Amino acid sequence: MKTSKDSLGYAGDLVRDQDPDRFMITLFFDGDVRADLWTLYAFHHEIAKTREVVTDTHIGLIRLQWWRDAIAAIYDGGAVPHHPITEPLADLIKRRGLNREWFDAVIYAREFDLEDVLPGNLPGLINYADFTQTPLMRLALQITGDDVDAPDVAPVAIGWALSGLIRAVPFHAGQSRCFVPGDLLNRAGLSTDALYAGRDLDKLSGVIATVRDQAQSMIQNLSGRSRLVRLYHAMALSDLARVAKAQDNVFREKLAHRGPFFPLLLWRTARK
């Protein structure tokens, strides 16, 4: 199983370098399934990074529309625009019969990122996590041949997304962005300006704890019927536990490192 800097092709290299969590999950699948997951996740990275690579909302919308048109061309038999990922994506969609609706949902959900408006409350954050991650999870499950309608799919996708969003608070704050619910920040007496400036961060831990508790309650008692869902589940539970152990201080540097035994946890999970 290749994990070094040997070339894995455009999609594999992109996912390894830019989406290491999902890349780690793909390593527990073989052959064509792994390569197809790389293609899907490379597409997702192109969509998800839109807010980070544009300086204007209108340009971001144009970029998302380009991808929407590319997906439409693939499904409608039109001329597919050139991009390193569009040709393998077209082949993947045709071979696996992937659901067009979920591609459109993933693209549409990323328009929220361009608004630079934080979620008003916890249900709003959960909706964001659901809209951005559940369709992607279902597309991945189509690739692995598992049940896309299993009851654990959406909760695990949402819980995994929430765990990632709270750990990414320092990264987003550095970009003057925030996905922490506004009402929770207000109750804590923490403004986004203070968060972006690194002030009053002691007020943040209670807010993070609320989001973490919600994520843990959604996935704590789920086992995951498919290997893919089990791996996402195990990763989310482990990360949420580490945040709790850090007393919900997401600015602690050690949260960026999972430790040497984490791959063993995923290996055991994959073998269940």
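What counts and what doesn't
- Residues numbered from 1 in each chain as written.
- Predicted model: local features only at pLDDT ≥ 70, side-chain atom pairs only at ≥ 80, totals over all residues.
- Heavy atoms only, no water.
- Helix = DSSP H or I, 4+ residues; strand = E, 2+ residues; numbered from the N terminus.
- Rg over C-alpha atoms; globule rule 2.2 N^0.38 Å.
- Buried < 20%, exposed > 50% of the residue type's maximum accessible area, 1.4 Å probe, protein only.
- Contact = heavy atoms within 4.5 Å.
- Axes fitted to C-alpha atoms, helices over the stretch in contact; angles between N-to-C directions.
- Parallel < 35°, antiparallel > 145°, perpendicular 65-115°, else oblique.
- Left-handed = near helix turned anticlockwise from the far one by under 90°.
- Nonpolar A, V, L, I, M, F, W, Y, C, P; charged D, E, K, R; others polar.
- Phe/Tyr/Trp six-rings, centres within 6.5 Å; stacked < 30°, edge-to-face > 60°.
- 1 Å grid on protein atoms, 1.4 Å probe; cavity = no way out; pocket = protein on both sides within 12 Å on 5 of 7 lines; lining within 4 Å.
- Points joined across faces, edges and corners; volume = space filled by probe spheres on them.

Along the protein chain, the regular secondary structure elements total 16 helices and zero strands. The globule rule puts the C-alpha radius of gyration for 272 residues at 19 Å, and the 19 Å found for the protein chain is close to it. Across its three principal directions, the C-alpha atoms of the protein chain cover 55 × 45 × 35 Å. For the protein chain, the proportion of its 272 residues judged to be buried stands at 51%. Long-range pairs, those at least 24 residues apart, make up 67% of the contacts in the protein chain between residues at least 6 apart in sequence.

Angle between the axes and distance between the axes: these two values describe a pair of packed helices. Axis separation between helix α9 (residues 122-144) and helix α10 (residues 153-167) bottoms out at 8 Å; the angle between their running directions is 120°. Between α9 and α10, the crossing angle belongs to the class labelled oblique. Crossing hand, α9 versus α10: right-handed. Within the contact between the two elements, α9 uses Leu125, Ile126, Tyr128, Ala129, Asp130, Gln133, Thr134, Met137, Arg138 and Leu141 and α10 uses Val153, Ala154, Val156, Ala157, Ile158, Trp160, Ala161, Leu162 and Leu165. Here the residues of the contact of α9 with α10 sort into 15 nonpolar, two polar and two charged.

Applying the stated criterion across every chain, the model contains eight aromatic pairs. Centroid distance phenylalanine 23 to tryptophan 38: 5.8 Å. Interplanar angle 15°. Geometry classified as stacked. Here the residue phenylalanine 23 occupies a position in helix α2 (residues 20-26), and tryptophan 38 occupies one in helix α3 (residues 31-48), the gap between them amounting to 15 residues. For the pair phenylalanine 23 and tryptophan 38, one class covers both residues: buried. Centroid distance tryptophan 160 to tyrosine 232: 5.0 Å. Interplanar angle 80°. Geometry classified as edge-to-face. One end of the pair, tryptophan 160, is in helix α10; the other, tyrosine 232, is in helix α15 (residues 227-245), and 72 residues separate them in sequence. Of the two residues examined, tryptophan 160 and tyrosine 232, each falls in the buried class.

Once that is clear, we can look at the layout of surface pockets. Roughly 1,100 Å³ of internal volume is contained in the largest pocket. Surrounding the largest pocket, 38 residues form its lining, Gln18, Gly164, Ala168, Phe171 and His172 being those nearest its centre. The set of elements that each furnish at least two residues to the lining of the largest pocket consists of α2, α3, α4 (50-53), α9, α10 and α11 (169-174). Counted by class, the lining of the largest pocket contains 15 nonpolar, nine polar and 14 charged residues.

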